[in-house]
Amino acid sequence: MKPITFVCHETLPLAPEAIADQILDVTKWPEFRGWGPIPGIQSAEFETRTSNVVGTRIRVTNLDGSTHVEGIVDWQPDRRLQLEMRNFSKPLSRLATRFVETWEFEPIGNGTKVARSFELNAKSMLTKPVLWFISFFLKRAIARHLQDIKGKP
């Protein structure tokens, strides 16, 4: 089944490696504020941390008490990062199998053009319409988070 996809673009006043460093700084994860029914992040902690970053797993607890795990599956901090979200708590575990988040970087002048894309994989054709609805709120939350990062060099 084809995933639900979207992408958000922003130009950030940071080098790609500085953006990647922020992703590895789990103390910054609560800066994700969510949007509408998409909760913000309460806390994030390393479940597994690998020396080459790929394979690192981060357990996330959201403000509504829901949880998931994000695994780093691609780590090229000068060009591209990819995280895979799994192990969702209910009710999301009933709707989705995984989300894939990809950050692509293009250095420009004093900053970086960022394309932050998502693939939301529904559990079934029956859950896909609900996940499609959720994707609108998630896209707004991601766009706001990129704006927040932009304001904090």
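Above: the structure in question.
## Let's talk about the sheet that holds strand E5 (residues 80-86)
Strands in a sheet are paired, the pairing made by backbone hydrogen bonds, and the direction either parallel or antiparallel. One open sheet holds the seven strands; their spatial order is E1-E7-E6-E5-E4-E3-E2, and the pairing between them is antiparallel. What marks the edges here is a single partner per strand, and that holds for strand E1 (4-12) and strand E2 (41-48). Across the sheet, the axes of successive neighbouring strands diverge by a mean angle of 20 degrees, strand direction being ignored. Relative to strand E6 (residues 96-108), E5 runs antiparallel, the two being bridged by six bridges. Bridge assignment links Met85 to a residue of E6, and that residue is Phe99. Relative to E6, helix H1 (residues 16-24) is tilted by about 150 degrees, and along the sheet it contacts E1, E2, strand E4 (67-76), E5, E6 and strand E7 (111-122). Packing against the sheet, helix H2 (residues 128-150) makes contact with E1, E6 and E7, and its axis sits at approximately 10 degrees to E1.

## Considering the pairing of E1
Residues Ile4, Phe6, Cys8, Glu10 and Leu12 of E1 are buried on one face, while the alternating residues Thr5, Val7, His9 and Thr11, pointing to the opposite face, are not. Where E1 meets E7, nine bridges bridge the pair, whose relative direction is antiparallel. The residue bridging Leu12 from the neighbouring strand is Thr112, located in E7.

## Digging into the pattern of salt bridges
Summed over the entire model, instances satisfying the criterion amount to nine salt bridges. Linking Asp148 and Arg33 is a salt bridge whose minimum nitrogen-to-oxygen distance equals 2.9 Å. Of this pair, Asp148 sits in helix H2 while Arg33 sits in the loop between H1 and E2, and the two are 115 residues apart along the sequence. Arg116 serves as the salt-bridge partner of Glu101, at 2.6 Å between the closest nitrogen and oxygen.

Each value, and the rule that gives it
- Residues numbered from 1 in each chain as written.
- Predicted model: local features only at pLDDT ≥ 70, side-chain atom pairs only at ≥ 80, totals over all residues.
- Heavy atoms only, no water.
- Pairing = 2+ DSSP bridges.
- Helix = DSSP H or I, 4+ residues; strand = E, 2+ residues; numbered from the N terminus.
- Axes fitted to C-alpha atoms, helices over the stretch in contact; angles between N-to-C directions.
- Contact = heavy atoms within 4.5 Å.
- Buried < 20%, exposed > 50% of the residue type's maximum accessible area, 1.4 Å probe, protein only.
- Salt bridge = Lys/Arg side-chain N within 4 Å of Asp/Glu carboxyl O.

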